[in-house]
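For reference, the chains in residue letters:
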Amino acid sequence: MDQGLVRYGTPAGRWVLLATVLGSSLAFIDATVVNIALPAIGHDLGAGAADLQWTINGYALSLASLILLGGSLGDRYGRKRVFIVGISWFAAASLLCGVAPNVELLIAARVLQGIGGALLTPGALAILEASFEPGDRSRAIGAWSGLGGIGGALGPFLGGWLVEAADWRLIFLINVPVATLVLIVAIRHVPESRNPAAARRPDLAGVLTGAAGLGGLTYGFTAWPEHGPGSAAVLAPLALGVAGMIAFVLVERRSPHPMLPLGVFSAKAFTGANIVTFLVYAANGGVFFLVVLNLQVVAGFSPLTGGIALLPVTGLMLLLSSRAGALGQRIGPRIPMTVGPLICAVALVLLSMVGAGASYLLNVLPAVIIFGLGLSLLVAPLTATALGALEDRFAGIASGVNNAVARAAGLLSVAVLPLAAGLGDGNLTDPSTLHPVYRHAMLICAGLLVIGGALAFRLIPARLPAHEEPCSFCDPAAPPARPHARSHSE
């Protein structure tokens with residue numbers, strides 16, 4: 001066993017898993033829990049539909065724009081070190097969200113939250129990839145997926161209870177003690193790792209062009225319903241977004257120290273996994289944004305009941321994700337990544353029928369269970385493929401890319417999906433407007449999942465290529481280790 005690598009199930013492995021799960025859960029919770037509080041935030045702060053979208057998009061935009069930088073900084077300066085900085089930043093921004101006196105300052109604080117999330121999220125997965133023995137990584141990632149899903153789904157449950165029984169501000173303030181616990185565990189028990197061959201200078205041009213691209217596209221699509229497609233308020237940011245994305249590719253191709261080395265996409269499995277990730281998480285973004293909103297606004301569920309509606313997804317992922325990771329290790333990732341999205345698509349067709357007077361047990365729960373089974377089968381093999389398709393020294397880049405793709409997909413989904421589903425200039429808190437938009441959006445998301453399953457069958461290999469012995473685990477102050485010679489052409 002390589003010095004410093006830990007085994008799954010050992011005390012050292014449990015501490016590493018605990019820190020990464022809790023840290024990731026902070027970011028996951030704040031990507032979902034705010035959906036529960038949107039009606040209360042809108043009422044308390046007088047926020048309109050665009051303001052409510054930006055309460056979500058402000059966080060998702062900074063997270064998606066900077067997550068590649070977070071992964072590359074971890075590779076350069078130490079994944080544990082950057083993870084700890086991200087946790088601290090996230091806690092401070094959460095405190096600002098909790099005391100924001102108006103929606104403008106809340107959105108600004110959410111942007112700051114996303115920056116902290118961009119530092120901690122890729123570090124969590126990169127720490128798992130660099131810290132566990134190669135044979136244990138799929139199980140560790142599966143356990144991370146299942147346990148992290150607890151945060152993603154318990155967040156709405158806790159948020160619904162806090163909104164209903166107390167105040168929506170507590171959904172942000174509760175992050176502070178959780179972040180403190182993560183810091184204690186990480187400082188004491190997480191080993192440090194980095195890529196000794198990583199460039200020492202940050203890719204500022206890549207950060208700026210990538211942020212301009214995502215920001216322009218998101219702002220333009222969010223402003224579309226209010227201003228119309230021919231408005232300068234829509235066309236100018238969309239043009240900026242397209243130009244920014246083109247500039248990002250050109251900058252990364254020519255940079256001597258790119259934030260995103262484009263050569264990693266020559267690995268077919270890596271490229272395929274990220275295409276499937278984009279489609280799946282675009283669909284998931286629509287589901288977690290609109291299902292809970294529809295249950296409250298159209299079906300008349302309370303915030304607490306709406307918040308726990310998707311809780312079975314958590315239970316299923318907790319029970320099955322580690323097993324799905326082991327299954328993907330045994331039979332290869334292609335079949336789980338093909339079948340999982342198709343199962344989820346069936347669930348969304350059923351969820352599209354949920355309307356006024358819906359019964360949770362009869363109309364919602366069966367679809368939620370099917371959706372949870374599909375996600376449980378899909379997520380761990382998908383994540384393991386995205387990380388395992390590249391050499392260990394690119395753990396931070398692989399994690400950053402996959403997280404950036406997932407966050408960008410969710411971000412664009414929240415901005416584009418209501419528009420594509422026919423929102424027009426309507427209000428998401430009006431039942432008569434929301435219901436047809438919700439129904440169409442669920443069918444669109446089901447279509448994205450079907451395409452994702454088909455592409456997984458076409459692009460994902462039956463087996464991932466074996467890597468050479470890992471050399472990424474080292475002290476940040478250690479001399480450079482021997483770099484790998486293996487190319488990405490596999």
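Note that the structure is a prediction, hence the values are computed from the model and not measured. (Residues numbered from 1 in each chain as written. Predicted model: local features only at pLDDT ≥ 70, side-chain atom pairs only at ≥ 80, totals over all residues. Heavy atoms only, no water.)

### As for the overall build of the protein chain
(1) Moving on: On a plain count of helices and strands, the protein chain comes out with 16 helices and 0 strands.
(2) Moving on: Partitioning the contacts of the protein chain with sequence separation of at least 6, the portion at a separation of at least 24 is 84%.
(3) Moving on: Of the roughly 17700 Å² of accessible surface on the protein chain, 70% is carried by carbon and sulfur atoms. (Helix = DSSP H or I, 4+ residues; strand = E, 2+ residues; numbered from the N terminus. Contact = heavy atoms within 4.5 Å. Areas by Shrake-Rupley, 256 points an atom, 1.4 Å probe, with all protein chains shown as cover.)

### Some remarks on the confidence of the model for the protein chain
(1) Moving on: Counting all residues, the mean pLDDT for the protein chain is 80, and 87% of those residues have values of 70 or more.
(2) Moving on: Mean pLDDT values for the elements of the protein chain range from 70 in helix H5 (residues 137–165) up to 95 in helix H13 (residues 334–351).
(3) Moving on: Counted against residues more than four places away or in other chains, residues 468–490, with its pLDDT under 50, gives 61 contacts. (pLDDT = per-residue confidence, 0-100.)

### Some words on a nonpolar patch on the surface
(1) Moving on: Where nonpolar side chains cluster on the molecular surface, the patch consists of Trp89, Leu95, Leu96, Val99 and Leu112 and spans about 440 Å² of accessible area.
(2) Moving on: For the nonpolar patch, the leading source of residues is helix H3 (residues 79–99), giving 4 residues.
(3) Moving on: Relative to the helices and strands, Trp89 resides in helix H3.
(4) Moving on: Given a relative accessible area of 38%, Trp89 falls into the partly exposed group. (Patch = residues over 30% accessible without salt bridge, like charges linked within 9 Å, V, L, I, M, F, W, Y side chains within 5 Å. Salt bridge = Lys/Arg side-chain N within 4 Å of Asp/Glu carboxyl O. Buried < 20%, exposed > 50% of the residue type's maximum accessible area, 1.4 Å probe, protein only.)

### What about the packing of aromatic side chains?
(1) Moving on: All told, the structure shown has 4 aromatic pairs when counted by the stated rule.
(2) Moving on: When the ring of Tyr59 is compared with that of Phe90, the centres are 6.5 Å apart and the planes differ by 80°; the resulting orientation is edge-to-face. Here Phe90 lies in helix H3 and Tyr59 lies in helix H2 (residues 49–77), a separation of 31 residues in the sequence. Accessibility assignment for this pair places Tyr59 and Phe90 in one class, buried.
(3) Moving on: Both rings, one in Phe265 and one in Phe270, keep their centres 5.5 Å apart while their planes meet at 50°; by these two values the pair is tilted.
(4) Moving on: Taking the ring centre of Phe457 as reference, the NZ or CZ of Arg334 above it sits at 5.8 Å. (Phe/Tyr/Trp six-rings, centres within 6.5 Å; stacked < 30°, edge-to-face > 60°. Lys NZ or Arg CZ within 6 Å of the ring centre and 35° of its normal.)

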